[in-house]
Amino acid sequence: MFQGFKEFITKGNVIDLAVAVVIGGAFTAIVNAVVSSIINPLVALFYAPSEDGKIGPTVTGLYGQQVTFPLGDLITAVISFLAVALVVYFVFVVPMNKYKEHQAAKNPAVEEETLPTEQELLIEIRDALRKSDNV
């Protein structure tokens, strides 16, 4: 039981995924801090925060209430996603692809023998039967 778990956990993909999740989580906190301390104030230059602290354009609703479209939250989410995706791609995916290419170049795969199709086998059988009838 433990041997199977050991083989599963030591596979490269599982370890890479675990590292990516941990690094992604830590990097997300950094990106969120940068966005909230730099990007949101830049958006606030163009839009005054509403009473509840949301940054974005404010529109008067049908019943006279003020409705704020929180662009700051949207921008934060988009920038956070893109930054984390870029870091995960360049830190994990690109090096892993290069490593796999390097391993493939070192150990070229043995090409498998291509098996004949069903039609080719039937033609061979037909030809063999014709030969045996003529002999």
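Before reading further, recall that the structure is shown in the block above.
Let's shift gears to the overall build of the protein chain. Scanning the protein chain for helices and strands turns up four helices and two strands. Scanning the protein chain from its N terminus toward the C terminus, one meets helices and strands in the order α-α-β-β-α-α. Looking at the 135 residues of the protein chain, the share that counts as buried comes to 11%. By sequence separation, contacts in the protein chain at least 24 residues apart represent 38% of the contacts at least 6 residues apart. Surface summary for the protein chain: the accessible area is close to 11100 Å², and the carbon and sulfur share equals 67%.

In this section: helix H3 (residues 71-106). When the terminal C-alpha atoms of H3 are compared, their 51 Å separation across 36 residues agrees well with the 52 Å that a helix rising 1.5 Å per residue should span. The sharpest bend along H3 comes to roughly 35°, located at tyrosine 89. Of the residues making up H3, those classed as buried are Gly72, Thr76, Ser80, Val84 and Phe92.

Moving on to the packing of aromatic side chains. Overall, the coordinates contain one aromatic pair when judged by the stated rule. Both rings, one in tyrosine 89 and one in phenylalanine 90, keep their centres 5.1 Å apart while their planes meet at 80°; by these two values the pair is edge-to-face. Residue tyrosine 89 is classed as partly exposed on the basis of its relative accessible area, which comes to 41%. By relative accessible area, which is 52% here, phenylalanine 90 ends up exposed.

Summed over the entire model, instances satisfying the criterion amount to one salt bridge. Close ionic contact of arginine 126 with aspartate 127 constitutes a salt bridge, the shortest N to O distance being 3.3 Å. Under the relative-accessibility criterion, arginine 126 is labelled partly exposed at 40%.

Along the polypeptide, threonine 68 turns up in strand S2 (residues 66-68). Within the structure, threonine 68 has its side chain in polar contact with the side chain of threonine 58 (distance 3.4 Å). Apart from residues lying up to four places away in sequence, threonine 68 is in contact with Ser50, Lys54, Gly56, Pro57 and Thr58.

On the surface, Ile30, Val34, Ile38, Leu42, Leu45, Phe46 and Tyr47 cluster together into a nonpolar patch covering about 730 Å² of accessible area. Inspection of the secondary structure assignment puts tyrosine 47 in the loop between helix H2 (12-44) and strand S1 (58-60). Take tyrosine 47: its relative accessible area is 31%, and that puts it in the partly exposed class.

The rules we used
- Residues numbered from 1 in each chain as written.
- Predicted model: local features only at pLDDT ≥ 70, side-chain atom pairs only at ≥ 80, totals over all residues.
- Heavy atoms only, no water.
- Helix = DSSP H or I, 4+ residues; strand = E, 2+ residues; numbered from the N terminus.
- Buried < 20%, exposed > 50% of the residue type's maximum accessible area, 1.4 Å probe, protein only.
- Contact = heavy atoms within 4.5 Å.
- Areas by Shrake-Rupley, 256 points an atom, 1.4 Å probe, with all protein chains shown as cover.
- Expected span 1.5 Å × (residues − 1).
- Bend = angle between axes of the 7 residues up to and from the residue.
- Phe/Tyr/Trp six-rings, centres within 6.5 Å; stacked < 30°, edge-to-face > 60°.
- Salt bridge = Lys/Arg side-chain N within 4 Å of Asp/Glu carboxyl O.
- Polar contact = N/O pair within 3.5 Å; in protein donor to acceptor, adjacent residues only side chain to side chain.
- Patch = residues over 30% accessible without salt bridge, like charges linked within 9 Å, V, L, I, M, F, W, Y side chains within 5 Å.

Any link to function would need more than the numbers given here.
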